[in-house]
Amino acid sequence: MRPDPTPHASPTALPGYAATARIDELRATEYRHLDTDGQVYLDYAGAGVAARAQVRAHHDRLLAGLYGNPHSENPTSVAAGSLVESARQAVLDFFRADPAEYAVVFTPNASGACRLVGEAYDFGRAAPLVLTWDNHNSVNGIREYARSARAPVRYVPLSGPELRVAEPDLVAALDAGRGGLARRWGRPGRRGLLAYPAQSNFSGVQHPLGWVELAQRRGYDVLLDAAGFAPTNRLDLSVARPDFVCLSWYKLFGYPTGVGALLARRSALARLRRPWFAGGTIRAVSVQGGWHRPMDDESAFEDGTLNFLSIPDVEFGLRWLDSIGVDLVHTRVGLLTDWLLARLASLRHDSGGPLVQVYGPATGTGRGGTVTFNLRHPDGTLVDERLVAREAAAAGLSVRTGCFCNPGAGEGAFGISRASTRQRLLAGIDTIDRYLTALRLPTGGAVRVSFGLASTATDAERLVAFVQSTYLNRDAGAGPPLPPRLRC
């Protein structure tokens, strides 16, 4: 546990901050574009930022060689294929994954990795899907595949103001109906799937990696969403060994976009049955015979031509992050998060009421560098997050507002009951704003800030200064007209 920061001191005064000075040096050189025009970037949970070295490496590689579609045997194809395979090995090395146990499937993003698992998993009445409330919609969407297969879908709720999952609730969901259903449908060896995030993209809560083994002992495969966790935390697949891991590389180091990965245990990958095939995924196919034979390795899941000009950038990005040190980034992000939480908690109106309401853990224990909150007027009413978005943008701050594609965490944070959502949906409400009014919610989301690889004390201080100068002791008023909410 890190020491409690003094709320009014600079983050630079925190014990251990000086030991992370290399990040400040990189910010002044490789990431100096972050400070262009006085901007403040606080959306690392949305996307990382690219170093100048990454862009130079991409430029130099393309101008130094010639690379063609890898689905051939000509020299340019072999050159491209070699770089793709080198990147595959670099991914395994970075996550300390045994290549005999794990395969790397390149995808467009983490969402694409989730879809690969969902569409090909052997769901059924004796093979349920268990999800935590706290999941990104890319994971929630897997339930549609499970429902199509008439599989049970069970959600594990969040509990308490810290928005964590109680382990007994998880165990109860995993164990529910397993023996009876397996016997009834004659598939006692059939498995189920547990899907959860290593780190919440809403609250920053870090859910235990020990749940992987807990679920596997109960006959489940585990899909671990590591998109929010991996950029600032070490994920060691020689220790925690989930069956599937979903990643987006731009979340780790900003560049390239449009490339993600599914890391899968080879034994689990072999159990997937794809509902279709595409170019590059088959060894042989017949039109007249109506048959096809899939590839026998991870390429059976890589549809069409891979992004062979960008996948080599993944290897450079991993080497770059490794050279800085994931542990160093983790320490810096933890210090800034601790300081920010303490500083936000200290802000109070002259009326005595708090200016900031944080959702999730109020300290740095068991959480990452994502902080979600709403602001309150002196009378206790919430500041509309759309107004905060507009005014933060005008001040040069890049923050995220809304509900962050995580409805379960939002429902838990705002105290929305299952009965009320069903009742209001049945009423045929046709807009987001009318839906929120029907639920009697004072606003439609929250404000999210997140730290990452190149974050500095100045970033955190600028945010607090903006919040304090703009909203402290500011009475609720009519305010400017705000655009309608189009999604959530």
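Just so we're clear, the structure is a prediction, and the values are computed from it rather than from any experiment.

Rules and cut-offs
- Residues numbered from 1 in each chain as written.
- Predicted model: local features only at pLDDT ≥ 70, side-chain atom pairs only at ≥ 80, totals over all residues.
- Heavy atoms only, no water.
- Salt bridge = Lys/Arg side-chain N within 4 Å of Asp/Glu carboxyl O.
- Helix = DSSP H or I, 4+ residues; strand = E, 2+ residues; numbered from the N terminus.
- Buried < 20%, exposed > 50% of the residue type's maximum accessible area, 1.4 Å probe, protein only.
- Expected span 1.5 Å × (residues − 1).
- Pairing = 2+ DSSP bridges.
- Axes fitted to C-alpha atoms, helices over the stretch in contact; angles between N-to-C directions.
- Contact = heavy atoms within 4.5 Å.
- Polar contact = N/O pair within 3.5 Å; in protein donor to acceptor, adjacent residues only side chain to side chain.
- Left-handed = near helix turned anticlockwise from the far one by under 90°.
- Nonpolar A, V, L, I, M, F, W, Y, C, P; charged D, E, K, R; others polar.
- Phe/Tyr/Trp six-rings, centres within 6.5 Å; stacked < 30°, edge-to-face > 60°.
- Lys NZ or Arg CZ within 6 Å of the ring centre and 35° of its normal.

Asks: Can you break down the pattern of salt bridges residue by residue, with the values?
Replies: Think of it this way: side chains of opposite charge can pair up when their charged atoms draw near. A full pass over the atoms with the stated rule returns 31 salt bridges. For Arg217, the salt bridge goes to Glu213, with nearest N and O atoms at 3.8 Å. On the criterion of helical spacing, the pair formed by Arg217 and Glu213 is a turn pair, its members being 4 residues apart in helix 9 (residues 211-217). With respect to burial, Arg217 and Glu213 carry one shared label: exposed.

Asks: How would you summarise helix 13 (residues 326-346) if you had to cite specific residues and measurements?
Replies: Its 21 residues place the ends of helix 13 30 Å apart at the C-alpha level, agreeing with the 30 Å of an ideal helix rising 1.5 Å per residue. The element helix 13 is largely enclosed, with a buried count of 15 among its 21 residues.

Asks: Tell me what's going on with the sheet that holds strand 15 (residues 446-450), and back it up with residues and numbers.
Replies: Spatially, the 4 strands line up as an open sheet ordered 11-12-15-14, and their pairing is antiparallel. Of all the strands in the sheet, the pair left with one neighbour each is strand 11 (356-359) and strand 14 (400-402). Going from strand to strand, the sheet's axes swing by 30° on average, the running direction of each strand aside. The pairing of strand 12 (residues 370-375) with strand 15 spans 4 bridges and is antiparallel. Each residue of the ladder has a partner; that of Val371, found in strand 15, is Val449. Across the face of the sheet, helix 13 comes into contact with strand 11, strand 12 and strand 15 while running at roughly 15° to strand 12.

Asks: Could you give me a rundown of the side chain of Ser200, with the residues and numbers involved?
Replies: Residue position: Ser200 is located in the loop between strand 5 (192-197) and helix 9. Within the local environment of Ser200, its side chain forms a polar contact with the side chain of Asp134, the two groups lying 2.9 Å apart. There is a polar contact of 3.0 Å between the side chain of Ser200 and the backbone nitrogen of Phe202. Residues within four places of Ser200 in sequence aside, it is in contact with Asp134, Val205 and Asn406.

Asks: Could you give an account of the sheet that holds strand 2 (residues 102-107), with specific residues and numbers?
Replies: Note on sheets: strands pair through backbone hydrogen bonds, and any given pair is parallel or antiparallel. With mixed pairing, 7 strands are arranged side by side in an open sheet as 2-8-7-6-5-3-4. Among the strands making up the open sheet, the edge pair consists of strand 2 and strand 4 (153-156). For this sheet, the mean inter-axis angle between neighbouring strands, taken without regard to orientation, is 20°. With 3 bridges joining them, strand 6 (residues 220-225) and strand 7 (residues 244-248) adopt parallel strand pairing. Within the sheet, the bridge partner assigned to Leu224 lies in strand 7 and is Val245. Relative to the sheet, helix 3 (residues 75-94) contacts strand 2 and strand 8 (260-265), its axis offset from that of strand 2 by approximately 120°. Relative to the sheet, helix 7 (residues 167-175) contacts strand 3 (129-132), strand 4, strand 5 and strand 6, its axis offset from that of strand 4 by approximately 175°.

Asks: Give a description of the packing of helix 14 (residues 385-394) against helix 18 (residues 457-471) that names residues and reports values.
Replies: Between helix 14 and helix 18, the shortest axis-to-axis distance is 12 Å and the interhelical angle comes to 115°. The crossing of helix 14 and helix 18 is right-handed. From helix 14, Leu387, Val388, Glu391 and Ala392 reach across to helix 18, where they touch Phe466, Thr470 and Tyr471. Taken together, the residues of the contact of helix 14 with helix 18 break down into 5 nonpolar, 1 polar and 1 charged.

Asks: Break down the environment of Ala227 for me, citing the residues and quoting the values.
Replies: Position of Ala227 relative to the elements: it lies in the loop between strand 6 and strand 7. A relative accessible area of 7% means that Ala227 is categorised as buried. Linking Ala227 and Asn201, residues 26 residues apart in sequence, is a C-alpha distance of 8.6 Å. Residues contacting Ala227, with those up to four places away along its chain left out, are Ala110, Cys246 and Lys251.

Asks: A description of the packing of aromatic side chains should follow, citing residues and the corresponding values.
Replies: A full pass over the atoms with the stated rule returns 10 aromatic pairs. Aromatic pair Tyr359 and Phe414: ring centres 5.3 Å apart, planes at 90°, arrangement edge-to-face. Of this pair, Tyr359 sits in strand 11 while Phe414 sits in the loop between helix 15 (407-413) and helix 16 (418-426); the two residues are 55 residues apart in sequence, bridging distant segments of the chain. With a relative accessible area of 5%, Tyr359 lands in the buried category. Of the residues examined, Phe414 reaches a relative accessible area of 23% and is grouped as partly exposed. Joined through ring pairs, the aromatic side chains of Phe94, Phe95, Trp249 and Phe253 make up one cluster. The ring of Phe94 has Arg234 lying over it, and the distance from NZ or CZ to the ring centre is 5.2 Å.

Asks: Please set out unusual backbone geometry residue by residue, giving values where relevant.
Replies: Following Tyr255, the chain continues to Pro256 via a peptide bond in cis, the omega torsion being 10°. Tracing the sequence through the fold places Pro256 in the loop between helix 10 (249-253) and strand 8. Although it is not a glycine, Arg96 sits at a positive phi angle of roughly 55°. Tracing the chain through its elements places Arg96 in the loop between helix 3 and strand 2. Classification of Arg96 as partly exposed rests on a relative accessible area of 44%. Despite not being glycine, Arg150 shows a phi value in the positive range, around 60°. Note that Arg150 resides in the loop between helix 6 (142-148) and strand 4.

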